[in-house]
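# Working through the structure, step by step
So you can see what is in the structure, the chains are spelled out below.
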Amino acid sequence: MIDEVLNKAAAVELFEGEAVLIGSDDAVPFYRAVELFGEWAAAFINECREKRAYFEIGRDYSGWGACNDERPFTEYFYKTGFLKLVQEHNYLHIIKAHNESRGGQLIDRYTEARLRRLDEREAEEERRRAERKAKRAAAKAARETAEKKGDKQV
């Protein structure tokens, strides 16, 4: 099972080493992708198919078979889909390494401080908007009161 991040050249090389001809294109069967990357890959593939997101049928993956006992249906990745799976694999490894590293802790601390400052600015801006709104409402009420007094004096 692959347990390190892969750059594009390594991912393409892996695809080319694992691909078989299905129809008129090279492809890696789903079962083989799961053997390469582990159980998370099966769950991820299933989730993406259920949501009809991330993997595009016909572009990233397809299937072959008659959906019966004699010719069961099987699905496979084209190169684009396989590379998307590698991207997710890399993402999971990067996040794990980030969380375990001193550099990740530092960038998280700075990010939290930046987000806190942004929240404070937004709260201040919201306070100012509310203040302006209250002033407009008070001015409007004062005008209406003055107009009513003017009507009563006539």
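Up top is the structure these notes are about.
These lines cover the structure that appears in this document, whether it is placed above or below. (Residues numbered from 1 in each chain as written. Predicted model: local features only at pLDDT ≥ 70, side-chain atom pairs only at ≥ 80, totals over all residues. Heavy atoms only, no water.)

## Considerations on the sheet that holds strand β2 (residues 25-29)
Pairing is antiparallel across the open sheet formed by four strands, whose spatial order is β1-β2-β4-β3. Since the sheet does not close on itself, it has two edges, and those belong to β1 (20-22) and β3 (61-64), each with one partner. Neighbour-to-neighbour, the strand axes of the sheet open up by a mean angle of 55°, direction not taken into account. (Pairing = 2+ DSSP bridges. Helix = DSSP H or I, 4+ residues; strand = E, 2+ residues; numbered from the N terminus. Axes fitted to C-alpha atoms, helices over the stretch in contact; angles between N-to-C directions.)

## A word on helix α3 (residues 39-51)
In this model α3 runs 19 Å from its N-terminal to its C-terminal C-alpha over 13 residues, within 8% of the 18 Å that 1.5 Å per residue would give. Three or more residues of α3 are buried, namely A41, F44, I45 and C48. Summarising the axial view, the buried residues of α3 lie within an arc of 100°, below the 170-degree limit, and thus occupy one face. Exposed residues on α3 whose side chains face more than 90 degrees from its buried face are E39, E50 and K51. (Expected span 1.5 Å × (residues − 1). Buried < 20%, exposed > 50% of the residue type's maximum accessible area, 1.4 Å probe, protein only. Arc of directions from axis to C-beta.)

## Quick notes on the packing of helix α1 (residues 8-18) against helix α4 (residues 79-100)
Contact pair α1 / α4: the axes reach a minimum separation of 10 Å and the direction vectors enclose 130°. Judged on the interaxial angle alone, α4 and α1 are oblique. As α1 packs across α4, the resulting crossing turns out to be right-handed. Of α4, the residues touching α1 (which contributes A11, V12, L14, F15 and E16) are K79, F82, L83 and V86. (Parallel < 35°, antiparallel > 145°, perpendicular 65-115°, else oblique. Left-handed = near helix turned anticlockwise from the far one by under 90°. Contact = heavy atoms within 4.5 Å.)

## A few points about the pattern of salt bridges
One pass over the full model with this rule turns up 14 salt bridges. A salt bridge links E56 to R59; the nearest nitrogen and oxygen atoms lie 3.9 Å apart. Accessibility expressed as a relative area gives 43% for E56, which makes it partly exposed. The partly exposed category is assigned to R59, whose relative accessible area is 45%. Note that R129 and E122 form a salt bridge whose closest N and O atoms lie 3.0 Å from each other. By relative accessible area, which is 46% here, E122 ends up partly exposed. (Salt bridge = Lys/Arg side-chain N within 4 Å of Asp/Glu carboxyl O.)

## Focus on unusual backbone geometry
Within the chain, Y54 stands out as a residue other than glycine whose phi angle is a positive 70°. Notably, C67 is not glycine yet its phi reads approximately 60°, a positive angle. When its relative accessible area of 62% is taken as the criterion, C67 is described as exposed.

Interpretation in functional terms is not warranted from these geometric data alone.
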